[in-house]
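Commentary on secondary and tertiary structure
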Amino acid sequence: MPLCKDFVTDVTTQNVPSVPRATGLLCLILNILPFPGLGSVIAGLQANSSSTVLIGIIQFFLFPGLIGFIWSVWWGVLIYRKSQFHEAVLLGISIYSNQ
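In this report, the structure presented in the accompanying data block is examined. (Residues numbered from 1 in each chain as written. Predicted model: local features only at pLDDT ≥ 70, side-chain atom pairs only at ≥ 80, totals over all residues. Heavy atoms only, no water.)

1. Regarding the packing of helix 2 (residues 21–32) against helix 3 (residues 38–46)
With their axes 6 Å apart at the nearest point, helix 2 and helix 3 run at an angle of 150 degrees to one another. By the angle between their axes, helix 2 is roughly antiparallel relative to helix 3. Two secondary-structure elements touch here, helix 2 through Thr23, Cys27, Leu30 and Asn31 and helix 3 through Leu38, Gly39, Ser40, Ile42, Ala43 and Gln46. Of the residues assigned to the contact of helix 2 with helix 3, the class counts are 5 nonpolar, 5 polar and no charged. (Axes fitted to C-alpha atoms, helices over the stretch in contact; angles between N-to-C directions. Helix = DSSP H or I, 4+ residues; strand = E, 2+ residues; numbered from the N terminus. Parallel < 35°, antiparallel > 145°, perpendicular 65-115°, else oblique. Contact = heavy atoms within 4.5 Å. Nonpolar A, V, L, I, M, F, W, Y, C, P; charged D, E, K, R; others polar.)

Here it is as structure tokens:
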């Protein structure tokens, strides 16, 4: 049951894994071009987040209804934006403070 709980929490809070900047850009591109959800799966595997892998798989299967594509693009944008601050996240530095 922890996977289901993590999945629901990640989706409702839009919690994406922190990946390096280059991987974030790759995940954004892969979430748009070949298969929606592929970038999410890669980010989830790299960050060892099974809920993100599950999200990517669901995005892929929802693609024919267009919902999966929109969700996948948005998730790719979130992954890329968070990757801009990957080093700060690893060091435990708040990206929202002025210090």
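2. Thoughts on the environment of Ala22
Mapped onto the fold, Ala22 is located in helix 2. The exposed category is assigned to Ala22, whose relative accessible area is 61%. For the pair Ala22 and Gln84, spaced 62 residues apart in sequence, the C-alpha to C-alpha distance is 9.1 Å. (Buried < 20%, exposed > 50% of the residue type's maximum accessible area, 1.4 Å probe, protein only.)

3. Remarks on the environment of Asp10
Relative to the elements of secondary structure, Asp10 occurs in helix 1 (residues 2–13). With relative accessibility at 9%, the residue Asp10 sits in the buried group. For the pair Asp10 and Thr52, spaced 42 residues apart in sequence, the C-alpha to C-alpha distance is 7.8 Å. Excluding residues within four positions of it along the chain, Asp10 makes contact with Asn15, Ser49, Ser51, Thr52, Ile55 and Trp75. In terms of polar contacts, Asp10 uses its side chain to reach the side chain of Ser51, at 2.4 Å. (Polar contact = N/O pair within 3.5 Å; in protein donor to acceptor, adjacent residues only side chain to side chain.)

4. A few points about the packing of helix 3 against helix 4 (residues 50–62)
Between helix 3 and helix 4, whose axes approach to 7 Å, the crossing angle comes to 170 degrees. With respect to helix 4, the element helix 3 is oriented roughly antiparallel. Residue-level inspection shows Ser40, Val41, Gly44 and Leu45 of helix 3 in contact with helix 4, the latter providing Thr52, Val53, Gly56, Ile57 and Gln59. Of the residues belonging to the contact of helix 3 with helix 4, the class tally is 4 nonpolar, 5 polar and no charged.

5. A few points about unusual backbone geometry
The backbone of Gln14 sits at a positive phi, close to 55 degrees, despite the residue not being glycine. Mapped onto the fold, Gln14 is located in the loop between helix 1 and helix 2. A positive phi is found at Asn48, a non-glycine position, where the angle reads about 55 degrees. Its location among the elements puts Asn48 in the loop between helix 3 and helix 4.

6. Quick word on helix 4
Between the first and last C-alpha of helix 4 there are 18 Å, a value that for 13 residues agrees with the 18 Å anticipated at 1.5 Å per step. What helix 4 keeps buried is the set Ser51, Thr52, Val53, Ile55, Gly56 and Gln59. (Expected span 1.5 Å × (residues − 1).)

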